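Residues per chain are reported as follows:
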Amino acid sequence: MGEAVTTEGSSTAERVAALRAELAARGVGGFIVPRSDEYQGEYVPPCAERLAWITGFTGSAGTAVILKDRAAIFVDGRYTLQARDQVDGSVFEVVHSADKSAATWIAEALPAESRLGYDPWLHTKREAEHFRAACGKASGALVAMDTNPIDAVWSDRPAPPAAPVVPHPEAYAGRSAADKRMEIAERLAKDGADAVVLTMPDSIAWLLNIRGGDVGHTPLPLSFAILDRDGRVALFMDERKVTSGLAEHLGNAVSIVPPAEFDAALRTLGTDGKTVQIDPSGSADHVFQVLGSSGAKTREAADPCALPKAVKNAVEIEGTRHAHRRDGAALTRFLHWLSATAPQGGVTEIAAADRLEAFRREDGLFRDLSFPTISGAGSNGAIVHYRVTDSSNRPLQPGELYLVDSGAQYPDGTTDVTRTVAIGAPSAEMRDRFTRVLKGHIAIATARFPRGTNGGQLDTLARLGIPREKLVETRVHPQVSAELLLAPSIPLHGSQFSQPLVDFVRAYMATKRHPNQDPRTSTSDLLEYCHSRLLALCLAPRIDTRTNEHASSQPPSGHDRAASLQRTSASNAQGTPGIAMSVSLMPTK
């Protein structure tokens, strides 16, 4: 067995060595370490910070894979700088997930016949299927572990949280918990399900009108729940969290059950032959394994609380307005203080964040920050999701930009506000960059686009104000411009468009006469959209908008490109109306 090590006084190499010894004792050749807990939330309690403990990386998203003689951590673009700074490069490869996913790396690096372990509580069913396929490509196997091996070697792992759970008054919620329970129950009955397993704490908090404090900056009680089609709920929660008045608030239709009995309740659903609804993208693979092994009929569908939770009622909307007004007043006072104080010197990133929090705390309804304040001066402001520390703390200096991204939790609403502030007089370069970003915002806000357009397509419009030179190195293959933008133009609908673009849009429209088509979408609309889209692509290289992957360094021939566009339009005709175009761009080296 691996020898347990403490957090203090142990290096990354020592922790990984202890884990590898534990894995060898369990007969597996590696282990996947996600940044998640059994509830699949963005914020996790200290006891679930396994990725941070084994790698040193403290970002909110990432995955590590540890094999016998190799290890890698995969992070997205928000955290590449942070990961390289925090992670020991002699132990872990730091990989940008856009360059290579953890699954792809596993398929390439896992030795044949190897067994790769994973904790089924920490991965959704879909994630597990993804990793299982990757292991199969390497002629290996994905193996569910009964207990997490990191817990066996993390000797001073914190205890699970047990923060008090309190009622969330209907004066803030706008609806009673009983009303919500019956709405979801009626939907279950209509869909032919006997029960739904809820594993997302925010859904449970919304459904039962309760709040907690098990994770930082988010008022959630970590728990599971099973809602029957008759509206009754079994709430699986540590009884130490129960406060005075909570049982009365929940009522007789809600029973509080120890978390240790959750698996038994799942098995009972199976042995009783129940049809159980569960979300494959938000629920732990362990839940599916227990239900499946006990004979339950599973109905995979989205969490039924997600949509009604997102549709705010009048009380919630008004509460949000009140919260933002009070929070805005605190932020305005801070900005006034900042403008008067920072140019004189002596204000640091930490001091500014603390001062802003102090202004917010003067509100009697303030409960907590909604996330750790991002307070970045100068170059630190360019680090995505920057978290100031004692070692990185720098002063706010005249002639620099200061970024503050912050928010607060109130019982009637949550805020999240970002501001970029020039300390002293802004330079001409600052004004230029700020204006270009503002143009991108305006381009998004004023865009007209057909139904079915996705966010990735619209994102490129935000780059329209960025020049090809200096700020971003861009190289568009000349064939792209010649064939789709700079070909001889013809007048149509009062504008000038290249003939290949007109031909493509006409062909596209001809394939889209089906019942789901938005009748408001016209050839003119699509021409305007496609033209702006292509212009945006010229300013946003390296992305293939069909696959959201890096584009090929070798552009296809004109014939291949035309065939690709026709295939894309034909495939789109089978589903929701939308635009998807494949344009090959030379990648930036």
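Residues numbered from 1 in each chain as written. Predicted model: local features only at pLDDT ≥ 70, side-chain atom pairs only at ≥ 80, totals over all residues. Heavy atoms only, no water.

(A) Summary view of helix α15 (residues 349-361). Over its 13 residues, α15 extends 18 Å from the first C-alpha to the last, a length consistent with the 18 Å expected when each residue adds 1.5 Å. Listing the buried residues of α15 in full gives E349, A352, A353, L356, E357, F359 and R360. Down the axis of α15, the smallest arc covering the buried residues is 155°, so these residues share one side. Buried positions along α15 lie against α14 (314-341), β15 (368-369), β16 (374-377), β17 (401-406) and β18 (408-410). (Helix = DSSP H or I, 4+ residues; strand = E, 2+ residues; numbered from the N terminus. Expected span 1.5 Å × (residues − 1). Buried < 20%, exposed > 50% of the residue type's maximum accessible area, 1.4 Å probe, protein only. Arc of directions from axis to C-beta. Contact = heavy atoms within 4.5 Å.)

(B) Main features of the nonpolar core. One finds V33, I54, F57, I66, I73, F92 and I150 to be the most contacted residues of the largest nonpolar core, which totals 27 residues. Looking at this core, the elements that each hand over two or more residues are α1 (12-26), β1 (30-34), α2 (50-55), β2 (63-67), β3 (71-75) and α6 (149-153). Looking at this core, the element that brings in the most residues is α1, giving four residues. In this view, F92 contacts T12, V16, I54, T55, A64, I66, A71, A72, I73 and V87; residues no more than four positions away in its chain are not counted. (Core = buried A, V, L, I, M, F, W, Y, C linked by side-chain atoms within 4.5 Å.)

(C) Unusual backbone geometry, seen in detail. In this model, Q40 sits at a positive phi of 60°, which is unusual for a non-glycine residue. The topology assignment puts Q40 in the loop between β1 and α2. Residue Q40 is classed as buried on the basis of its relative accessible area of 16%. Although it is not a glycine, E113 adopts a positive phi angle of roughly 70°. Residue placement: E113 occurs in the loop between α4 (102-109) and β5 (115-118).

(D) Representation of the packing of helix α11 (residues 262-271) against helix α12 (residues 285-293) in the model. It is at 8 Å that the axes of α11 and α12 come closest, and there the two elements cross at 45°. With respect to their mutual orientation, α11 and α12 come out oblique. The handedness of the crossing between α11 and α12 is right-handed. Taking contact as the criterion, the partners of F262, D263, L266, R267 and L269 in α11 are, on α12, H286, V287, V290 and L291. A per-class count over the contact of α11 with α12 returns six nonpolar, one polar and two charged. (Axes fitted to C-alpha atoms, helices over the stretch in contact; angles between N-to-C directions. Parallel < 35°, antiparallel > 145°, perpendicular 65-115°, else oblique. Left-handed = near helix turned anticlockwise from the far one by under 90°. Nonpolar A, V, L, I, M, F, W, Y, C, P; charged D, E, K, R; others polar.)

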